[in-house]
Amino acid sequence: MRQLSAEAMSSWFAVMEHKLWVRPWETPPNQNNRVLGSGAEKLGIPIDAIRRNVKGCWNLGYCGMGCPTNAKQSMLLTAIPAALNRGATLYTRLRAERLRFSGGRISALDCMALRPDGIHPSGKRVQLRARHFVSAAGAIGSPALLLRSGVPDPHRLLGKRTFLHPVVISSALMPERVDAYAGAPQTLYSDFFLQQAAIDGPLGFKLETPPLHPVLYATTLQGFGAAHQALMREFTRVNVILALLRDGFNPESQGGQVRLGRDGLPVLDYPLGEVIWEAARRALLAMAEIQFAAGARAVTPVHETAPLYSSWAQAKKGIAELPLKPLLCRVVSAHVMGGCGMADAPQRGVVDHRGRHFWLGNLSVLDGSVFPTSLGANPQLSIYGLVARNASLLAADLSGRPPPLIP
Ligand SMILES: Cc1cc2nc3c(=O)[nH]c(=O)nc-3n(C[C@H](O)[C@H](O)[C@H](O)COP(=O)(O)OP(=O)(O)OC[C@H]3O[C@@H](n4cnc5c(N)ncnc54)[C@H](O)[C@@H]3O)c2cc1C
């Protein structure tokens, strides 16, 4: 997309970094991140620091559960109050069900009101009318809304090429206390393994550490019964590293697909092909080597049949022979992208570079569903930057005023 060059986008990123307080994080990393840092350093693998969007952070480590001190500069504290101050009305507990359209324009959005639990329908229906409609329901919700509405899709692209940055996990027992639940969860990363081959070659991967709380660890960890209990007893000494695979560039990596279930709700299917498993094995090996280099006593890939390896030599041999299959090797994801991909022509995408739908004049899609591939980076900042640009262009179009001048 020639309109979205690094040069054209950098000022939009800068604006959002400023608005959302994205800054270098000066506090030393927690021990979980330090294991990644020290192991990588010993192996000569470059590591970098993650900037964080926090203001007055207490470094508690509960970011993923809703910041208890409101330090995280989420939409709840930033974009939503800003919109309300400008006169927007916010409807909560409302599920967008179907867009009504004719003659290339949307006339209304049918919504279902939900009970206070935010899940079950209350039985009340609401219809919203507007001059322009923006779908921002994410890479599962936006394709699902458009599919339910039966919007024009002559090239059958809607809901396809959904990317996840499939994640594989390596767990280590360290000699020291790690207390991985305490302190900012993600502060170091390495892109070294994203740069080892051409972007459309074997899948590269990014290394990070996850937030780690007892319930999250217990439900992700393999095994059950006494063996699981034995691993959980060591929880305070556990280090975990994640590898996020960069999907969507290799021709064999076509991603998944959002379809509608019988109840009209979205179902995402993501086939795990050989190109993913080959990268997963390399990633499990790389993480185990880093953990042993950092002094781990034992390492286990999060995999139903993987044992605890007590040396790098043992892990190297064991991981090379490990059967990698769905439900055996744990693959998780928190990054959903695609499904309403943007393109330079309607034969190739659902929306254009401004997020404008190719077939319905007053519909925009402004969220992570517009990415035509995965990103190879945690997606939020790219979504903020692109949405800031496209929302500003849309406001200029609708108001007749020029778009804001970005320095
Ligand atoms: C646990 C976790 C940790 C993460 N950590 C990071 C991180 O550290 N850094 C990073 O960059 N990214 C992170 N991500 C990813 C990031 O949160 C997402 O990529 C990003 O929020 C996607 O933005 P979006 O606008 O596309 O969709 P979303 O943020 O998912 O917003 C879509 C909204 O639409 C609503 N919706 C969906 N369907 C409907 C409907 N029919 N009617 C009404 N509303 C609907 C949803 O409830 C949701 O509120 C994380 C994700 C998870 C799950």
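Residues numbered from 1 in each chain as written. Predicted model: local features only at pLDDT ≥ 70, side-chain atom pairs only at ≥ 80, totals over all residues. Heavy atoms only, no water.

1. Overview of the nonpolar core
Residues Val 168, Phe 205 and Leu 207 are the most contacted members of the largest nonpolar core, which totals 55 residues. Listed by contribution, the elements that provide at least two residues to this core are α2 (31-42), β9 (167-173), β11 (205-208), β12 (238-245), α7 (274-293), β15 (298-301) and α8 (312-321). Top contributing element to this core by residue count: α7, with twelve residues. Residue contacts for Val 168: discarding those within four places in its chain leaves Ile 241, Leu 242, Ala 243, Ala 280, Ala 283, Leu 284, Met 287, Cys 329, Arg 330 and Val 331. Counting 28 residues, the second largest nonpolar core, distinct from the first, contains Leu 20, Leu 99, Leu 109 and Leu 363. (Core = buried A, V, L, I, M, F, W, Y, C linked by side-chain atoms within 4.5 Å. Buried < 20%, exposed > 50% of the residue type's maximum accessible area, 1.4 Å probe, protein only. Helix = DSSP H or I, 4+ residues; strand = E, 2+ residues; numbered from the N terminus. Contact = heavy atoms within 4.5 Å.)

2. A short note on the layout of surface pockets
Within this model, the second largest pocket holds a volume of roughly 510 Å³. Forming the walls of the second largest pocket are 25 residues, and the residues nearest its centre are Met 1, Leu 4, Met 342, Phe 371 and Pro 372. Where the lining of the second largest pocket is concerned, the elements lending two or more residues are α1 (6-19), β8 (160-163) and α9 (380-399). With four residues, the top contributor of residues to the lining of the second largest pocket is α1. For the lining of the second largest pocket, the class distribution of residues is 13 nonpolar, eight polar and four charged. (1 Å grid on protein atoms, 1.4 Å probe; cavity = no way out; pocket = protein on both sides within 12 Å on 5 of 7 lines; lining within 4 Å. Points joined across faces, edges and corners; volume = space filled by probe spheres on them. Nonpolar A, V, L, I, M, F, W, Y, C, P; charged D, E, K, R; others polar.)

3. A few points about the domain arrangement of the chain
Parsing the chain into structural domains produces domain 1 (3-7 + 73-161 + 336-399) and domain 2 (21-69 + 165-321). Between the C-alpha centres of domain 1 and domain 2 the distance comes to 30 Å. Each side of the interface is counted separately: domain 1 has 19 residues, and domain 2 has 23 residues. Buried area between domain 1 and domain 2, both sides added, is near 1,800 Å², and the carbon and sulfur share of it is 57%. Between the two partners, domain 1 and domain 2, sit zero salt bridges. (Domains from an automatic or database assignment. Buried area = accessible area lost by both parts, 1.4 Å probe. Salt bridge = Lys/Arg side-chain N within 4 Å of Asp/Glu carboxyl O.)

4. Description of the pattern of salt bridges
Counted according to the given criterion, the structure contains 13 salt bridges. Between Asp 110 and Arg 100 there is a salt bridge, with the nearest N and O atoms lying 2.7 Å from each other. One end of the pair, Asp 110, is in strand β5 (residues 105-114); the other, Arg 100, is in strand β4 (residues 94-102), and ten residues separate them in sequence. The exposure class of Arg 100 is partly exposed, given its relative accessible area of 43%.

5. Structural notes on a nonpolar patch on the surface
A cluster of nonpolar residues, Met 75, Leu 76, Leu 77, Ile 80, Leu 84 and Leu 90, forms a patch on the protein surface that exposes about 500 Å² of accessible area. Mapped onto the fold, Leu 77 is located in the loop between β3 (52-53) and α3 (79-85). Residue classification places Leu 77 among the partly exposed residues on the basis of a relative accessible area of 32%. (Patch = residues over 30% accessible without salt bridge, like charges linked within 9 Å, V, L, I, M, F, W, Y side chains within 5 Å. Areas by Shrake-Rupley, 256 points an atom, 1.4 Å probe, with all protein chains shown as cover.)

6. Side note on empty space enclosed by the protein
Across all of its chains, the model carries three cavities of 30 Å³ or more by this definition. What the largest cavity holds in volume is close to 100 Å³. Around the largest cavity sit 14 residues that line it, and Cys 57, Cys 63, Cys 67, Pro 68 and Thr 69 are the ones nearest its centre. Computed from the structure, the second largest cavity encloses a volume of approximately 60 Å³.

7. Some thoughts on the packing of α7 against α8
α8 packs onto α7 with a crossing angle of 170° between their chain directions and a minimal axis gap of 10 Å. By the angle between their directions, the pair α7 and α8 is classed as roughly antiparallel. Contact with α7, carried on its side by Arg 281, Leu 284, Leu 285, Ala 288, Glu 289 and Phe 292, involves Trp 312, Ala 315, Lys 316, Ile 319, Ala 320 and Glu 321 of α8 and no other residues of that element. Considered class by class, the residues forming the contact of α7 with α8 number eight nonpolar, no polar and four charged. (Axes fitted to C-alpha atoms, helices over the stretch in contact; angles between N-to-C directions. Parallel < 35°, antiparallel > 145°, perpendicular 65-115°, else oblique.)

8. Comments concerning the site of the ligand
In the vicinity of the ligand there are 17 residues, among which Ala 96, Ala 334, Gly 368, Asn 378 and Gln 380 approach most closely. The separation between an oxygen atom of the ligand and a polar main-chain atom of Gly 368 is 2.8 Å. A distance of 2.8 Å separates an oxygen atom of the ligand from a polar atom in the backbone of Gln 380. In isolation the ligand offers 1,000 Å² of accessible surface; the protein chains occlude 51% of this area. (Near = heavy atom within 4 Å. Polar contact = N/O pair within 3.5 Å; in protein donor to acceptor, adjacent residues only side chain to side chain.)

9. Comments concerning the environment of Gly 339
Positionally, Gly 339 belongs in the loop between β16 (337-338) and β17 (363-365). On the basis of relative accessible area, Gly 339 is assigned to the buried category, the value being 1%. Separated by 208 residues in the primary sequence, Gly 339 and Arg 131 place their C-alpha atoms 25 Å from one another. Discounting chain neighbours no more than four positions away, the residues touching Gly 339 are Pro 143, Leu 157, Leu 158, Gly 159, Lys 160, Arg 161, Thr 162, Val 350 and Ser 369.

10. Notes on the state of the cysteines
Tallied over the entire structure, the rule returns zero disulfides. We note that Cys 67 lacks a disulfide partner, and the nearest cysteine sulfur, in Cys 57, lies 6.5 Å from it. For the unlinked cysteine Cys 111, the closest cysteine sulfur is that of Cys 340, found at 17 Å. (Disulfide = S-S within 2.5 Å.)

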